[in-house]
Amino acid sequence: MVAQTRAGNSAPKRLAFSEKIVGKGLATDALLKKLKALHTELAELDQELVDVNSLSTVRTQLVNTSILLHKDRGVKAYAACCLADILRLYAPDAPYTHTELRDIFQFFFRQLATGLRGADASYYNEYFHLLESLSTVKSVVLVCDLPHAEELMVDIFRDFFGLVRRDLAKKIEIFIADILVALIDECQALPSEVLETIMAQFMANDVQPAYRLAVQVCNATADKLQRHVCQYFTDIIVAHSHESDSESNFEEIRKAHELVKQLSRSCPSLLHSVIPQLEEELRVEEVQVRLIATQALGEMFSEKGGAELVKKYPTTWNVWLMRKNDKATAVRLKLVESAKGLLVNLHDHRETVDELMRLKLLDPDEKVRAAVCKVYSQLDYETVLHYVSEDQLRSIAGRGMDKKNSVRVEALNSLGKIYSTAYPEIENNDPAAIRHFSWIPNEILHISNSTQEARLAAEQVIADFVFPLPSGSSAPTSKNVDVNEVAWTDRLLNTMSYLDDRGVNAVLLLSGIKGSRPSPYELYLQSCVQHNGGVIDEDEDVVKQRLNNVIRHISRQFGDPQKAAEDLHAFARANENRSYKLLKTCLDTQTDLKGLVKSSNEFLRRIELSSESILGTMTVFLRRATLRIVNQSSVSTLIKRVQRADSKHAQTLLTYISKHCPSLYRPHTSELTKAIADEKNARLVEAGMQALAAVSQSDEALAVNDKRTLERVMRYVLGSNARVAKFAARILVASKEHDDLCAEAVESIARKLSTAEPDLLVAHTAVLAQFARLAPDAFERKSDVLMAFLVKKLLMVPSPADPDEMDSDADWVEDGDVQPRLRARILALKVCRNRCLAHASTDTALEVATPVLKMLSTLLDHAGSYSADATDDPKVKSRMRLQAAISLLHLSIVDKFATAINTNFISLAITVQVGLSRLRQFAQVILV
């Protein structure tokens, strides 16, 4: 023991306490009272002013075994406080032998480990005092000079990390951290068990007090711990790398790297020597080690502190990037999977990451290509907008045509998810969002039209992300499903505004509007009902054959036809009436959006509960069989939108519905009638007239018979707008009084035809083309006058080229540039054709058709003119030739005309094979 020397002007203060605390017969209560008094006086003594000689008696008695091993907790708690005060007053030297000090510190930590609980526990203040003294006085560092100090340190660290888990006051955590930091700073050699105890805390939940304590200690002692931490990881890797075939060894290495990642998040300064070690692991031959190191570094670079890590260890960053060319697919895959964090957090390295991802989009392994695509589906909107270039997104779109299905699916899903998150901003006309994302649906739609394999994935993405059905805010079994029909329709129109013609056509094709009714899907449902789960009363073979045939037809359109056929048969065998009813509702063209959402949700839910294995097939079946892009709920919004200046696509959709599924208009005839009354809006009137004409022709019960409306329709019939007049003529034909009305219109046109201005002439001829086919009796009343004019005054009149026209060598004219006179001539050929078709079943068929067939053949023979030496405008000739070929094709389906037309088959073939490119294109479309 080293003697204590003190200096000062004040007289040293002596300890007044003089009672004995050790002796026979001393009651616990009396001892406790004495120790309280001693603790009170010792706590008030100042280290600089105390006469330590006065402490000799009590310091000796306090280490007596009768005190240190006393059974009473209070006695031990106060004794510990007194001993802590003795060490404080004697500091920096201790008045005890090494053996005594060892006993004292073991006594201290035993009391804390067993006694320190919450603030309401017994002797809490005494334990708090003891801990505070050890923290502030740092007397605990005396442990480092004791024999076998390592063992004591190990116990202290274990006890304290166990103690802190009791969720004690924050100040106690601070005291403990100070004590542990002091021990690490003072010790000559850090015991490995101590480091293991510290490291173990990082594998726990990062909100736990023990984790927080470990972080505090490590950050405060980083300089000293760096070497030890590096050695710790080296020992683990070396110890578990000898048996490279053992998965358990690799598991230990993985755990070690998990620890490195945790340290990187909370104590990066500890890893100064560890990161280069990970860099070396990237170069080793053992694939599993490279894999583990690649994953660990990738996650570290990807986190919020990754930019600083790259800056501090640029060589490691570059070596890690080189794993993009690793011979092992698994390593390249781990590299790619880290890219999400790189894109989010390493903005200064965007070009490097972009180049990495672009290169890996072309990786020879499909799993890597798919993983690259998947990364982008995980990014938030702002990250994609600001840190992913449009070129990169288009490269992902290119993978939508990948030869491997997994890559196609991930690429298209990524694009779909990105578009879905961006759509609200596109809808709000955000220029950046429009520029960056509005092209995505167009690319997906193009892919859907490419190959059967790509179509399947593209359709799913279009249904899920581009044109999703509203989810509905109510449960599937609720009677009221809340959907926004206007927003649903506007999303379609808004998306279509950024599509090219090919994309628009793909939307129309996917809409399901065009097609025969009943559809194959409706026939399948009918066959299922008739099949009755295999219990068939009559015509069993016929019913089974019909079901087999329709399943064979539908399953061909699936990626796995065999699986699809099996699933469709399984659904039929289940014979579940409720599912049949729901499916029938979904397939019905009169089902509105709310009904479709509700029935679809319930149908798929029932399938999932009863036959989950067929859910995928039935989901695709339902998607293709139902009107989920456009249906009758769209019509009201389309009618309103067609009135806008940017109404192109609303009109396109209404026109498509009119041509292919006019039954959707049944609930909307009153709206259409109002629409045609708005004569100031030409687009609305045209769309309304076409729709009314279509629905009137499809269902005579919906024909227009209101007198006032028919008067308006008659005005349109006799007006100068050719398209409106054509549709108006069809409405008249479908009305109850069609005989009188059509005759009246024919009479009026016959009187005015010879003097009509060009636009009116076109409109009148368009009307006559309709009447010639649909109202032949009315047409024939004036057929001699009409045909004489059309043939002699219109068709047979030469059409020389305009000498003032600049583009005199052009041999084709687009639809929008066709002059009224030429339009009237083309329509006159349609009049002739339609008149022949109207008389096809009469005795006068050949009499009517012979001169027409001769005229059409002549036009083909002379390339659009009536003689070989005609000097007609080449543009007129090409158009007339095309219409003549189309007319002959229409007439060729009539047996009475087929013989005569067969003699012109060569001319028709030549028109397709040798003619002008645009003429050939048109003719091929008609032939198909």
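To be clear, the structure that these remarks concern was listed above.
The residue count restarts for each chain, going from 1 along the sequence in the order it is written. Under the rules for a predicted model, residues below a pLDDT of 70 receive no local features and side-chain atom pairs below 80 are neither given nor counted, while totals for whole chains, interfaces and linings still include all residues. Where side-chain values are given, they derive from all heavy atoms of the structure, hydrogens and water being excluded.

Caption draft 1: Region of the structure containing helix H48 (residues 895-902). Relative accessibility under 20% of the residue-type maximum defines a buried residue, over 50% an exposed one, and the middle range a partly exposed one, all with a 1.4 Å probe and only protein chains included. Helix and strand assignments follow DSSP, with helices taken as H or I runs no shorter than four residues and strands as E runs no shorter than two, numbered in order from the N terminus. Three or more residues of H48 are buried, namely Phe897, Ala898 and Ile901. All buried residues of H48 lie within an arc of 115° about the axis, which places them on one face of the element. Relative to its buried face, H48 has exposed residues pointing more than 90 degrees away, namely Asp895 and Thr899. Working definition: the arc comes from the directions between the helix axis and the C-beta atoms, pointing outward to the latter.

Caption draft 2: Examining helix H47 (residues 874-891) more closely. A helix is expected to span 1.5 Å for every residue after the first. End to end, H47 covers 26 Å across 18 residues, agreeing with the expected 26 Å (1.5 Å per residue, within 8%). By the criterion of burial, H47 is predominantly enclosed, with 14 of the 18 residues buried.

Caption draft 3: Summary view of the packing of helix H19 (residues 350-360) against helix H20 (residues 366-377). Interaxial angle, 0 to 180 degrees, is taken between N-to-C directions of lines fitted to C-alpha atoms, where a helix line uses only the stretch in contact. In contact at an axis separation of 8 Å, H19 and H20 are set at 135° when each is read in the N-to-C sense. Between H19 and H20, the interaxial angle falls into the category oblique. Of the residues in H20, those in contact with Asp354, Met357 and Lys360 of H19 are Val368, Arg369, Val372, Val375 and Tyr376. In this count, Pro and Cys sit with the nonpolar residues alongside Ala, Val, Leu, Ile, Met, Phe, Trp and Tyr, while Asp, Glu, Lys and Arg are called charged and the others, Gly among them, polar. Here the residues of the contact of H19 with H20 are counted per class, giving five nonpolar, no polar and three charged. Small angles under 35 degrees read as roughly parallel and large ones over 145 as roughly antiparallel, with 65 to 115 read as roughly perpendicular and the rest as oblique. Any two residues having at least one pair of non-hydrogen atoms within 4.5 Å are treated as being in contact.

Caption draft 4: Structural detail: unusual backbone geometry. Geometrically, the link from alanine 91 to proline 92 is a cis peptide bond, its omega value of 10° lying close to zero. Within the element layout of this structure, proline 92 appears in the loop between helix H4 (73-90) and helix H5 (98-115). The residue after arginine 517, namely proline 518, is reached through a cis peptide bond having omega 0°. Backbone geometry at lysine 138 places phi at a positive 65°, although glycine is not the residue there. You can see lysine 138 is positioned in the loop between helix H6 (124-137) and helix H7 (149-163).

Caption draft 5: Broad picture of the packing of helix H37 (residues 669-677) against helix H38 (residues 682-698). One way to put it is that H37 packs onto H38 with a least axis distance of 8 Å and a crossing angle of 140°. Considering the angle they form, H37 stands oblique to H38. Helix-helix and strand crossings are classified by hand; for H37 and H38 the assignment is left-handed. Between H37 and H38, the residues in contact are Thr669, Leu672, Thr673, Ala675 and Ile676 and Leu684, Val685, Gly688, Met689, Ala691, Leu692 and Val695, respectively. For the contact of H37 with H38, a count of residues per class yields nine nonpolar, three polar and no charged. Two helices cross in a left-handed way if the nearer one is turned anticlockwise from the farther one by less than a right angle. They cross in a right-handed way if the turn is clockwise.

Caption draft 6: Main features of the nonpolar core. Formed by 272 residues in total, the largest nonpolar core has its most connected members in Phe105, Phe108, Met199, Phe202, Phe437 and Phe771. Looking at which element gives the most residues to this core, the answer is H4, with 12 residues. Apart from the residues lying within four places of it in its own chain, the contact partners of phenylalanine 202 are Tyr211, Ala214, Val215, Cys218, Leu259, Gln262, Leu263, Ser266 and Cys267. With 33 residues, the next largest nonpolar core counts Ala565, Leu582, Leu593 and Leu596 among its residues. Buried Ala, Val, Leu, Ile, Met, Phe, Trp, Tyr and Cys residues that are joined via side-chain atoms within 4.5 Å together make up what is termed a nonpolar core.

Caption draft 7: Just the side chain of glutamate 126, in detail. With respect to the helices, strands and loops of the structure, glutamate 126 is situated in helix H6. Here glutamate 126 is buried and forms no salt bridge, its nearest opposite-charge partner lysine 36 lying at an N-O distance of 7.4 Å. The residues contacting glutamate 126, other than those within four sequence positions of it, are Ala77, Tyr78 and Cys81. When charges are counted, neither His nor the chain ends are considered; positive counts come from Lys and Arg and negative counts from Asp and Glu. Between Lys or Arg on one side and Asp or Glu on the other, a salt bridge is scored when a side-chain nitrogen of the former is within 4 Å of a carboxyl oxygen of the latter.

Caption draft 8: Seen up close, a negative patch on the surface. Judged by side-chain charge, Glu737, Asp739, Asp740, Glu744 and Asp777 come together as a negatively charged surface patch. When residues in the negative patch are grouped by element, the largest group, three residues, is from helix H41 (residues 738-752). With respect to the helices and strands, the residue glutamate 744 is situated in helix H41. Each patch is built from salt-bridge-free residues with over 30% relative accessible area, joining like charges within 9 Å and nonpolar side chains (Val, Leu, Ile, Met, Phe, Trp, Tyr) within 5 Å. Per-residue accessibility takes into account occlusion by the displayed protein chains alone, with areas from the Shrake-Rupley method and a 1.4 Å probe. Here the site of a charge means NZ on Lys, CZ on Arg, CG on Asp, or CD on Glu.

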